[in-house]
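# Summary of structural features
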Amino acid sequence: MNPDLFENVRLELRRGCVVLAVLAALRTEQYGYTLRKALAEHGMDIDEGTLYPLLRRLESQGLLVSEWREEAKRNKRFYRLSGDGKLILKQLLAEWRSIDSSLEDILKEPRRGNARSLLTVG
């Protein structure tokens, strides 16, 4: 097996999850560093080279608003959800829950014939 295959598929799976995690975390206003730290505390490590372009893209799509403010004698860019961002987050969470429920059902023991779990590798 190509050793990069798993990594490529893992990154593809993770990409949409990162967007949802960032939107959910920005229900409370934060700046980039605290956002990265909060996500990492929940097991969603995101490097700066991924996070900041994502924040700019989400802002350009109208899902986030940002403003520069001075804090501790440093200028920091604070991000929060826009009105559209709140609506999209609500819709994405409903979609996520639906997908999660479907996947949980799919990953259970098969109903027909085969007694092996779909999670069994081998």
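Quick note: structure is the one above.
These numbers were taken from a predicted model, which means no experiment stands behind them.

Pairing of strand S2 (residues 64-71) with strand S3 (residues 74-81) involves eight bridges; the strand directions are antiparallel. Counted as the bridge partner of Glu70 is Asn75 from S3. From the end of S2 to the start of S3, which pair antiparallel, there are two residues, and Ala72 there has a positive phi angle of about 50°.

What follows deals with the side chain of Gln30. One can find Gln30 in strand S1 (residues 30-31). Among the residues examined, Gln30 registers a relative accessible area of 12% and is labelled buried. Within the structure, the side chain of Gln30 is placed 2.8 Å from the backbone oxygen of Ala25, a separation counted as a polar contact. With near-sequence residues (within four places) excluded, Gln30 lies in contact with Ala25, Leu35, Ala38, Arg77, Phe78 and Tyr79.

Attention now goes to helix H2 (residues 32-41). Because an α-helix packs 3.6 residues into every turn, residues spaced three or four apart end up facing the same way. Of the residues making up H2, those classed as buried are Gly32, Leu35 and Leu39. When H2 is viewed along its axis, its buried side chains cluster within an angular range of 60° and face the same direction. In the stretch just after H2, Gly43 is the one whose phi turns positive, near 85°.

Procedures and definitions
Residues numbered from 1 in each chain as written. Predicted model: local features only at pLDDT ≥ 70, side-chain atom pairs only at ≥ 80, totals over all residues. Heavy atoms only, no water. Pairing = 2+ DSSP bridges. Helix = DSSP H or I, 4+ residues; strand = E, 2+ residues; numbered from the N terminus. Buried < 20%, exposed > 50% of the residue type's maximum accessible area, 1.4 Å probe, protein only. Polar contact = N/O pair within 3.5 Å; in protein donor to acceptor, adjacent residues only side chain to side chain. Contact = heavy atoms within 4.5 Å. Arc of directions from axis to C-beta.

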